[in-house]
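Descriptive structure summary
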Amino acid sequence: MARSLSFSLISSFLRPFPTPTSELPANLRSFFTVNPSLSREKITLKSATFSSVQSCRISTSALMASGTTPPGLLTKGDSELLVFDSEEELSNSLAKYTADLSKKFCLERGAFTVVLSGGSLVKSLRKLVETPYGDSIDWGKWHIFWVDERVVPKDHPDSNYKLVFDGFLSKVQIPASQVYAINDSLSAEGAADDYESCLKHLVNEGVLLLSPATGFPKFDLMLLGMGPDGHIASLFPGHSLLTENERWVTFINNSPKPPPKRITFTFPVINSSAYVALVATGAGKADVVHRAFGSKNSSSVLLPVQMVKLDNGTLTWFTDKAAASKL
Ligand SMILES: O=C1O[C@H](COP(=O)(O)O)[C@@H](O)[C@H](O)[C@H]1O
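Residues numbered from 1 in each chain as written. Predicted model: local features only at pLDDT ≥ 70, side-chain atom pairs only at ≥ 80, totals over all residues. Heavy atoms only, no water.

Just so we agree on the cut-off: UniProt positions are given in the numbering used here, feature names are shortened, and annotations may be inferred rather than shown by experiment.
Looking up the protein chain in an unreviewed UniProt entry gives the name Probable 6-phosphogluconolactonase, with the organism given as Dendrobium chrysotoxum. According to UniProt, the comment filed for the protein chain under the heading Pathway (unreviewed entry) is "Carbohydrate degradation; pentose phosphate pathway; D-ribulose 5-phosphate from D-glucose 6-phosphate (oxidative stage): step 2/3." In its Catalytic activity (unreviewed entry) section, the UniProt entry covering the protein chain states "6-phospho-D-glucono-1,5-lactone + H2O = 6-phospho-D-gluconate + H(+)".

Below is the structure:
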């Protein structure tokens, strides 16, 4: 079982090159014709292989698992958006992306700090426990955190810990002492304080680094989902927590999505990450993907997901065709 945070317990990618739409192969032009807003974005190609109309097939070899179809790629500002033919292919590529970063950080500093969300993201992690990743990843160096958690017992169906444990942690050999679940016996406020204290302890121990630029913790990788309303973690549209800029971890007692009591990392922590993968699948996410990546901004008010702007890191969106269908 997980290590509770309560101190009473224990506490290359290849650089893209710009390519005018008119020079794209016919089937890719077709994709952008069908999706005109995309052609107005800065479109970048990595090495190109194409095979079907209406599917932007670009070989992003650095992200590719063997046997998967190359995804489409868009860039906007500092972020990249990958479009996979299916959630299955997204899951394969997400596994390779995560395994590559695991190798990099384990070699560089002997530890890999990974932050997970709950929700549909967890299902998309399933390939990570399979061959070739399950057997080759150095799980003993992983440290697992939650970007948000519902303040419910760990065996409750609403628990993000339970979701991740059942779908991922129970299948790999990450030491229990390196799995940082909340103390579910506390109030939401107490659990947030406790989690923040644990993070500070891990900074003192050298497990967790601080961003020299922001002074907030710099996690190696955050794997995040996004709600159909554009929320990430437990940071909901229009909520006062969106502007929290001092706390590392805060709490909410009136979440618009049940259950009401939750804790969540704040934006300064999320935005100090080295790498963030934002995973959005299914047609229910299409409006928000369009709002974040389309060329026309219908509103000057940013959704939480649009507030992910990394201070000195790499943000990659992993989407499937359904989620990208309104681009
Ligand atoms: O309530 C939550 O929702 C979001 C999004 O969930 P999804 O099922 O729509 O992907 C999730 O990322 C967050 O961790 C969770 O607490």
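Some words on the site of the ligand
The following threshold applies: In these notes, residues near a molecule or strand are those with any non-hydrogen atom within 4 Å of it. Within 3.5 Å is the distance limit for a polar contact, defined as a pair of N or O atoms, with the added protein rule that one can donate a hydrogen and the other accept it, and that residues adjacent in sequence qualify only through two side-chain atoms. What sets the accessible areas is the Shrake-Rupley method with a 1.4 Å probe; for residues, cover comes only from the shown protein chains. Throughout this entry, Asp, Glu, Lys and Arg are counted as charged residues, while Ala, Val, Leu, Ile, Met, Phe, Trp, Tyr, Cys and Pro are counted as nonpolar. The remaining residues, Gly among them, count as polar.
Neighbouring the ligand are 16 residues; Gly118, Ser120, Asp148, Arg150 and Lys257 lie closest to it. One nitrogen or oxygen atom from the side chain of Ser117 is found 3.4 Å from an oxygen atom belonging to the ligand. In the model, an oxygen atom of the ligand is placed 2.8 Å from a nitrogen or oxygen of the Lys257 side chain. A total of 390 Å² of accessible area belongs to the ligand in isolation, and the protein chains cover 92% of it. Considering only residue class, the shell around the ligand consists of 3 nonpolar, 8 polar and 5 charged.

Remarks on the pairing of strand S14 (residues 221-224)
Selection criterion: A simple rule labels every residue: compare its accessible area, found with a 1.4 Å probe on the protein chains alone, to the largest value its type can have, and call it buried under 20%, exposed over 50%, or partly exposed in between. Per the convention used, a helix needs a DSSP run of H or I reaching at least four residues, while a strand needs a run of E reaching at least two, with both numbered from the N terminus. Pairing between two strands requires that DSSP report at least two bridges joining them.
Of the two faces of S14, the one carrying Leu221 and Leu223 and the one carrying Met222 and Leu224 are both buried. Note: strand S8 (residues 112-116) against S14, 3 bridges, orientation parallel. Its bridge partner being in S14, Val114 is matched across the sheet by Leu221. As defined by bridge partners, S14 adjoins strand S17 (residues 275-280) across 4 bridges and the pair is classed as parallel. Paired with Leu221 across the strands is Tyr275, a residue of S17.

With respect to the pattern of salt bridges
Keep this limit in mind: The rule for a salt bridge is simple: a side-chain nitrogen of Lys or Arg has to be within 4 Å of a carboxyl oxygen of Asp or Glu.
Scanning the entire structure with this criterion turns up 16 salt bridges. Among the salt bridges present, the one from Lys326 reaches Asp287, with a minimum N-O distance of 2.7 Å. Taken together, the residues Lys326 in the segment after strand S18 (314-320) and Asp287 in helix H8 (residues 286-293) connect sequence positions 39 residues apart. Note on Lys326: relative accessible area 45%, which makes it partly exposed. On the basis of relative accessibility, which here comes to 49%, the residue Asp287 falls in the partly exposed class. A single salt-bridge network, built from bridges that share partners, covers Glu87, Glu88, Arg126, Lys127 and Glu130.

Some details on the layout of surface pockets
Cut-off, in case you're wondering: Cavities and pockets were defined on a 1 Å grid built from protein atoms only: a cavity is a group of points that admits a 1.4 Å probe but offers it no way out, a pocket is an open group of points flanked by protein on both sides within 12 Å along at least five of seven lines, and a lining residue is one with an atom within 4 Å of any such point. Grid points are joined across faces, edges and corners, and a volume is the space filled by probe spheres set on the points.
Looking at the largest pocket, its volume works out to about 330 Å³. Lys76, Ser79, Gln306, Val308 and Lys309 are, among the 16 residues lining the largest pocket, the residues nearest its centre. Looking at the lining of the largest pocket, the elements with two or more residues in it are H8 and S18. Tallied by class, the residues present in the lining of the largest pocket amount to 8 nonpolar, 5 polar and 3 charged.

Some words on the side chain of Ser211
We count it as follows: The criterion used for residue contact is that any of the two residues' heavy atoms lie within 4.5 Å.
Relative to the assigned elements, Ser211 resides in the loop between strand S12 (209-210) and strand S13 (217-218). For Ser211, a relative accessible area of 4% gives the class buried. In this structure the side chain of Ser211 is engaged in a polar contact, spanning 3.1 Å, whose partner is the backbone nitrogen of Thr214. Once residues within four sequence positions are removed from consideration, Ser211 is found in contact with Phe216, Pro217, Lys218, Ser272 and Asp311.

A short note on the sheet that holds strand S16 (residues 262-265)
Definition in use: Throughout, an axis means a line fitted to C-alpha atoms (over the contacting stretch in the case of helices), and angles, computed between N-to-C directions, take values from 0 to 180 degrees.
Taken in spatial order, the 3 strands of this open sheet run S10-S16-S15, and their pairing is antiparallel. Two strands lie at the open edges of the sheet, namely strand S10 (148-150) and strand S15 (249-252), each paired on one side alone. Across this sheet, the average inter-strand angle for adjacent strands is 20 degrees, counted without regard to direction. The sheet contact formed by S15 and S16 spans 4 bridges and is antiparallel. The partner of Ile252 across the bridge, within S16, is Arg262.

Some points on the packing of aromatic side chains
Defined as follows: Planes of paired rings set the category: under 30 degrees apart is stacked, over 60 is edge-to-face and the rest tilted, where pairs are Phe, Tyr or Trp rings (Trp by its six-membered ring) whose centres lie within 6.5 Å. Both a distance and an angle decide whether a charge sits over a ring: NZ of Lys or CZ of Arg must be within 6 Å of the ring centre and within 35 degrees of the ring normal.
Scanning all chains against the criterion turns up 15 aromatic pairs. Pairing Phe112 with Trp142 gives two aromatic rings, centres 5.1 Å apart and planes at 80 degrees, and the pair type is edge-to-face. Here the residue Phe112 occupies a position in strand S8, and Trp142 occupies one in strand S9 (residues 142-146), the gap between them amounting to 30 residues. Taken as a pair, Phe112 and Trp142 share a single burial class, namely buried. Each residue in the set Phe105, Phe112, Trp139, Trp142, Phe168 and Tyr275 is aromatic and connected to the rest through ring pairs, giving one cluster. One residue, Lys104, lies across the ring of Phe105, its end atom 5.0 Å from the ring centre. Geometry around Trp248 places Lys200 over its ring, the cationic atom sitting 5.0 Å from the centre.

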